[in-house]
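The chain contents come next:
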Amino acid sequence: MDILSVQSAVLHGIVGNNAAVPVLQSLGWAPLALHTAWYSHHKGHPGWFGEVTTPAVFERFLQYAFQATHLQVTTVLSGYLGSAAQADLLVRYLPDGVCYACDPVMGDVPGGQYVSDAIVQAYRERLIPRATVLLPNQFELGLLAGCSIQTMPEAIDAAHALLAQYPVLQIVLIKGIRVADALHLVTVSREQLTRTQHPAVDYRLSGTGDAFSAAWLGLYLRTRSLHLSLTYAGEFLPGGAAYGSRTATRVTIVARVALAATGSFTLGAGACVVKNSGWWLVVSKNLEGKPEDPRGNPNGVLLFFHHR
């Protein structure tokens, strides 16, 4: 089962695939990275240069990803697109039954829209109708809904309206509604609603949305739980991931996720050991036999992923 991440790439910085790929890797995935553009650094900073991947090259990579016999792409995550032509090609090659998570990168607050109207139209008319999951930020949700989104009820109503408008769409994850000093995260599906909140940090950092989308997707594919994936993707970014040794035969990565996400396990003398699809997850415990989080979060645990 392969994940294809379709986003921009930069020589310097952590945005697009530079952010999404390491996050997915830290959660035990080995994503394929297809770059929609190649830039020196984030375009929000002066002095950038680079170019959008041409339609011909983009199509060749899509053909390889979906037609190579040694690959099995079952999930696609798309982010920044360099042109509307890329949207047309992505829709053309998306196989039936693939899980498509669409991060409609179109703008943000306070900068507003930073892609062309043609790309916005491509999201509305071609990409979102094929999407299983939609991951807009507050500005993008308002752009798709045709109105400004300022409150949680407005955000939830807009998510339900999108689910009603697009029959294939199953989940709308709103990546942050700022209310006072808190940032609210909301997942709305056709069956349930789950939400969490985190302290708002008044510091602008590019790439956090790309990293969050990847963290949520990687966790959701492991757990199939809207609540767990939202909760721990929200904690993943400030908590971070610590990298251990990496060799061709053994990968050790540390990530904060929920013990409940791992399924059945066997208690040992000082650790829980979980086998999950070829990965051994070692969970530290305190002396009372409870899962322990060194950062002091009673709801979280520390997982060491050992690949064999």
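Heads up: the structure comes first, above all this text.
In this report, the structure presented in the accompanying data block is examined. (Residues numbered from 1 in each chain as written. Predicted model: local features only at pLDDT ≥ 70, side-chain atom pairs only at ≥ 80, totals over all residues. Heavy atoms only, no water.)

## Some thoughts on the overall build of the protein chain
Threshold: A run of DSSP states H or I qualifies as a helix once it reaches four residues; a run of E qualifies as a strand once it reaches two. Both are numbered from the N-terminal end. Think of it in three bands: residues with accessible area under 20% of the maximum for their type are buried, residues over 50% are exposed, and the middle band is partly exposed, with areas taken using a 1.4 Å probe on protein chains only. Note on contacts: a residue pair is in contact if any heavy atoms of the two residues lie within 4.5 Å. Computed with the Shrake-Rupley method and a 1.4 Å probe, the accessible areas treat only the protein chains shown as cover for residues.
Across its full length, the protein chain holds 8 helices and 17 strands. Looking at the 308 residues of the protein chain, the share that counts as buried comes to 54%. Partitioning the intrachain contacts of the protein chain with sequence separation of at least 6 by distance along the chain shows that 61% fall at a separation of at least 24. Split by element, the accessible area of the protein chain, about 14,500 Å² in all, is 56% carbon and sulfur.

## Some details on the pattern of salt bridges
Test applied: One side-chain nitrogen of Lys or Arg within 4 Å of one carboxyl oxygen of Asp or Glu is enough to make a salt bridge.
Applying the stated criterion to the full structure yields 4 salt bridges. One salt bridge connects Glu59 with Arg92, and the closest N-O pair in it is separated by 3.4 Å. In this pair, Glu59 is assigned in helix α2 (residues 55–67) and Arg92 in helix α3 (residues 84–93), connecting sequence segments 33 residues apart. Classification of Arg92 by relative accessible area gives exposed; the value is 57%. Each of the salt bridges in this network shares a partner with another, and the network as a whole consists of Asp88, Glu125 and Arg126.

## Considering the packing of helix α5 (residues 138–145) against helix α6 (residues 152–165)
Selection criterion: Every axis corresponds to a line fitted to the C-alpha atoms, with the helix fit spanning only the stretch in contact, and the corresponding angles, defined between N-to-C directions, vary from 0 to 180 degrees. Any angle that is under 35 degrees is reported as roughly parallel, and any over 145 degrees as roughly antiparallel; angles of 65 to 115 degrees are reported as roughly perpendicular and all others as oblique. The hand of a helix crossing depends on one turn: near helix anticlockwise from the far one by less than a right angle means left-handed, and clockwise means right-handed. Under the convention adopted here, Pro, Cys and the residues Ala, Val, Leu, Ile, Met, Phe, Trp and Tyr are nonpolar, Asp, Glu, Lys and Arg are charged, and Gly plus all remaining residues are polar.
Viewed as axis vectors pointing N to C, α5 and α6 meet at an angle of 55°, and their least axial separation amounts to 10 Å. With respect to their mutual orientation, α5 and α6 come out oblique. Like other packed secondary-structure pairs, α5 and α6 cross with a definite hand, here left-handed. Taking contact as the criterion, the partners of Leu141, Leu144 and Ala145 in α5 are, on α6, Ala155, Ala158, Ala159 and Leu162. Here the residues of the contact of α5 with α6 are counted per class, giving 7 nonpolar, no polar and no charged.

## Quick notes on the packing of aromatic side chains
Stated formally: Only Phe, Tyr and Trp rings are paired, with Trp represented by its six-membered ring, and only when their centres lie within 6.5 Å; those with planes under 30 degrees apart are stacked, over 60 edge-to-face, the remainder tilted.
Under the counting rule described, the total for this entry stands at 3 aromatic pairs. For the ring pair Tyr39 and Trp48, a centre distance of 5.3 Å and an interplane angle of 80° mean the geometry is edge-to-face. You can call Trp48 partly exposed: its relative accessible area is 36%. An angle of 5° between the planes, with centres 4.9 Å apart, marks the rings of Trp216 and Tyr220 as stacked.

## Brief notes about the sheet that holds strand β9 (residues 171–179)
Sheet strands associate in pairs through backbone hydrogen bonding, adopting either a parallel or an antiparallel arrangement. This is how the line gets drawn: At least two DSSP bridges between two strands are required for those strands to pair.
The strand order across the open sheet built from 9 strands is β3-β2-β1-β4-β5-β8-β9-β10-β11, with neighbouring strands paired in mixed fashion. Only two strands of the sheet have a single partner each, and these edge strands are β3 (50–52) and β11 (193–199). Bridging between strand β1 (residues 2–10) and strand β4 (residues 73–78) involves 5 bridges; their strand directions are parallel. Following the sheet pairing, Val6 is matched in β4 by Ser78. Set on the sheet, α6 makes contact with β8 (133–134), β9, β10 (182–189) and β11; between it and β9 the angle comes to about 165°. Together, β1, β4, β5 (99–102), β8, β9 and β10 form the strand contacts of helix α7 (residues 208–223), whose direction differs from that of β9 by roughly 135°.

## Looking at helix α4 (residues 117–127)
Every α-helix winds through 3.6 residues per turn, so residues three or four apart in the chain are directed the same way. The cut-off we apply is this: The arc in question is the one spanned by the directions pointing from the helix axis to the C-beta atoms.
Turning to α4, its buried residues number three or more, namely Ile119, Val120, Ala122, Tyr123 and Leu127. Buried residues of α4 fall within an arc of 155° about the axis and therefore sit on the same side. The elements touched by buried residues of α4 are α3, β5, β7 (112–113) and α5.

## Observations concerning the environment of Val168
Note that Val168 resides in the loop between α6 and β9. A sequence separation of 37 residues divides Val168 from Ala131, and the C-alpha atoms of the two residues are 6.6 Å apart. With sequence-adjacent residues up to four places away left out, Val168 is seen in contact with Pro129, Arg130, Ala131 and Thr132.

## Description of the environment of Ile177
Mapped onto the secondary structure, Ile177 falls in strand β9. Take Ile177: its relative accessible area is 0%, and that puts it in the buried class. Between the C-alpha atom of Ile177 and that of Phe139, which follows or precedes it by 38 residues, the distance is 9.3 Å.

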